[in-house]
Amino acid sequence: MTQADTATPLLRARGITKHYGAVVALDAVDLDLHAGEVLGVVGDNGAGKSTLIKALTGAISKTAGTVEMDGKDIQITTPTEAKAAGIETVYQDLALVNELSITKNMYLGREIVRDTLFGHLFGTLDFAKMDTEIRALFQKLDIRITDIYREAEAFSGGQRQAVALAKTVMFGKRIAILDEPTAALGVRESKMAMDLVRSLKDHGLSVIMITHNMQHVMNYCDRVMVLRLGRLAAVRDVADVDGDTLVGLITGAAEDKVA
Ligand SMILES: Nc1ncnc2c1ncn2[C@@H]1O[C@H](COP(=O)(O)OP(=O)(O)OP(=O)(O)O)[C@@H](O)[C@H]1O
Ligand SMILES: [Mg+2]
């Protein structure tokens, strides 16, 4: 047992279950996320990875299960409640809103209102402040987007993903949850996205990252959990596994002998 196993996890989920009618998408899955770690979540298509994080962040209602933060019960039933708890999520299917500018996407749902009586009365947005903050952040993260008033759909997949990740850096207070942050990205863009994941960790956030890329698990994660057919198949310290073993656990070729 490592020291991490004995400390109270930042996030502790137990028995997370999701049924879609007769389909059991997720069957009593447990998850511990420790402070300051990057936890990988792997598994085949349809294994229940996205369902797990959506259940944790209130994007879908779970059929059963409990969640604790800092050892205390917490009810997260909407994405807004997740944000309030310091959890920022990049979902697989809706990272950015195409029709909105980069600026609006960055601040969607939490626009800065001008700090004047007029601003508070009429909700005038403080674009100057948002502009300054976004440019400073992009520069710090080496995101080379200057045209921040253009619609998101005008940018490449990699650029859009970088913006979505930047949002978690800007607003994630405690936990960043990323559903396949490098899906459909090129080599250079993947590297950039993964550097951003590392900078989330450097900013003191704990990260849950779904990925199909075993190299990213080995290089960027501290621990990894394997889902198979909606069940938790294994949890490992990354230092104790190799890519081949992980693939075996994902497909079920290697049953979890330690558990
Ligand atoms: N809205 C839904 N209605 C019915 N079934 C669903 C729904 N969403 C997911 N499922 C089912 O739940 C299971 C898990 O899906 P989920 O999206 O969590 O998989 P995943 O591990 O994220 O896969 P991928 O790697 O392809 O993203 C699948 O069998 C899927 O068909
Ligand atoms: Mg998914």
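Predicted model, so just to flag it, every value in this text is computed and none were measured.

So, how was this worked out
Residues numbered from 1 in each chain as written. Chains lettered and ligands numbered in written order. Predicted model: local features only at pLDDT ≥ 70, side-chain atom pairs only at ≥ 80, totals over all residues. Helix = DSSP H or I, 4+ residues; strand = E, 2+ residues; numbered from the N terminus. Buried ≥ 20, exposed ≤ 12 C-beta atoms within 10 Å, placed from the backbone. Contact = placed C-beta atoms within 7 Å. Near = placed C-beta within 6 Å. Nonpolar A, V, L, I, M, F, W, Y, C, P; charged D, E, K, R; others polar. Core = buried A, V, L, I, M, F, W, Y, C linked by C-beta atoms within 7 Å. Domains from an automatic or database assignment. Pairing = 2+ DSSP bridges. Axes fitted to C-alpha atoms, helices over the stretch in contact; angles between N-to-C directions. Parallel < 35°, antiparallel > 145°, perpendicular 65-115°, else oblique. Expected span 1.5 Å × (residues − 1).

1. Focus: the overall build of the protein chain
Moving on, step 1. Helix and strand counts for the protein chain stand at 10 helices and 10 strands.
Moving on, step 2. Looking at the 259 residues of the protein chain, the share that counts as buried comes to 38%.
Moving on, step 3. The contacts in the protein chain between residues at least 6 apart in sequence include a share of 66% that link residues at least 24 apart.

2. Things to note about the site of ligand 1
Moving on, step 1. What surrounds ligand 1 is a group of 12 residues, the closest being Tyr 20, Ala 25, Lys 49, Ser 50 and Thr 51.
Moving on, step 2. Listed by contribution, the elements that provide at least two residues to the shell around ligand 1 are strand S2 (23–33) and helix H2 (49–56).
Moving on, step 3. In terms of residue class, the shell around ligand 1 is made up of 4 nonpolar, 7 polar and 1 charged.

3. Focus: H2
Moving on, step 1. The buried count for H2 comes to 8 of 8 residues, which makes it a mostly enclosed element.
Moving on, step 2. Taken as a whole, H2 has its buried residues at Lys 49, Ser 50, Thr 51, Leu 52, Ile 53, Lys 54, Ala 55 and Leu 56.
Moving on, step 3. Gly 58 occupies a position one or two residues after H2 and carries a positive phi of about 75°.

4. Some thoughts on the nonpolar core
The tendency in soluble globular proteins is for nonpolar side chains to be buried as a group.
Moving on, step 1. Counting residues in each nonpolar core, the largest one holds 67 residues, and the members touching the most others are Val 197, Val 207 and Val 226.
Moving on, step 2. Taken domain by domain, this core gets at least three of its residues from each of domain 1 (3–99 + 151–251) and domain 2 (100–150).
Moving on, step 3. With sequence-adjacent residues up to four places away left out, Val 207 is seen in contact with Val 38, Leu 39, Ala 176, Leu 178, Val 197, Leu 200 and Lys 201.

5. Some thoughts on the sheet that holds strand S8 (residues 206–210)
Picture the strands of a sheet paired through backbone hydrogen bonds; they go either parallel or antiparallel.
Moving on, step 1. On the basis of which strands lie adjacent, the open sheet formed by 6 strands has the order S6-S7-S8-S3-S9-S10 and mixed pairing. Sheet topology places strand S6 (87–90) and strand S10 (231–237) at the edges, where each strand pairs with a single neighbour. Geometrically, the sheet is characterised by an average inter-axis angle of 15° between neighbouring strands, direction not taken into account.
Moving on, step 2. As judged from the 4 bridges shared by strand S3 (residues 38–42) and S8, these two strands associate in the parallel manner. Paired with Val 41 across the two strands is Ile 210, which belongs to S8.
Moving on, step 3. This element, helix H8 (residues 187–202), spans S3, strand S7 (175–179) and S8 of the sheet and lies at about 155° to S8.
Moving on, step 4. Relative to the sheet, helix H10 (residues 243–251) contacts S3, strand S9 (223–228) and S10, its axis offset from that of S9 by approximately 30°.

6. Considerations on the packing of helix H7 (residues 157–171) against H8
Moving on, step 1. Close contact between H7 and H8 brings their axes to 10 Å; oriented N to C, the two are set at 0°. Judged on the interaxial angle alone, H8 and H7 are roughly parallel. Contact residues: Gly 158, Gln 161, Ala 162, Leu 165, Thr 168 and Val 169 in H7; Glu 189, Met 192, Ala 193, Leu 196, Ser 199 and Leu 200 in H8.
Moving on, step 2. In terms of residue class, the contact of H7 with H8 is built from 7 nonpolar, 4 polar and 1 charged.

7. A word on helix H6 (residues 127–140)
Moving on, step 1. Helix length check: H6 (14 residues) gives 20 Å between terminal C-alpha atoms against 20 Å at 1.5 Å per residue, within 8%.
Moving on, step 2. Backbone geometry just after H6 places Asp 142 at a positive phi near 60°.

8. Re the sheet that holds strand S4 (residues 64–69)
Moving on, step 1. Taken in spatial order, the 4 strands make up an open sheet running S2-S1-S4-S5, and their pairing is antiparallel. Of all strands in the sheet, those with a lone pairing partner are S2 and strand S5 (72–73), marking the two edges.
Moving on, step 2. Pairing analysis gives 7 bridges linking strand S1 (residues 11–20) to S2, with the strands arranged antiparallel. Within S2, the position partnered with Ala 13 by the bridge is Leu 31.

9. Description of the environment of Ala 183
Moving on, step 1. Structurally, the position occupied by Ala 183 is in the loop between S7 and H8.
Moving on, step 2. On the basis of neighbour counts, which here come to 16 C-beta atoms within 10 Å, the residue Ala 183 falls in the partly exposed class.
Moving on, step 3. Residues Ala 183 and Asn 213 lie 30 residues apart in sequence; the distance between their C-alpha atoms is 9.0 Å.

10. A closer look at the pairing of S4
Moving on, step 1. The pairing of S1 with S4 spans 5 bridges and is antiparallel. Within the sheet, the bridge partner assigned to Arg 12 lies in S4 and is Glu 68.
Moving on, step 2. Of the strand pairs in this sheet, S4 and S5 are connected by 2 bridges, and their pairing is antiparallel. Each bridged residue has a counterpart across the sheet, and for Met 69 the counterpart in S5 is Lys 72.
Moving on, step 3. Counting the residues between successive antiparallel strands, the hairpin from S4 to S5 contains 2 residues, one of them, Asp 70, with a positive phi of roughly 55°.

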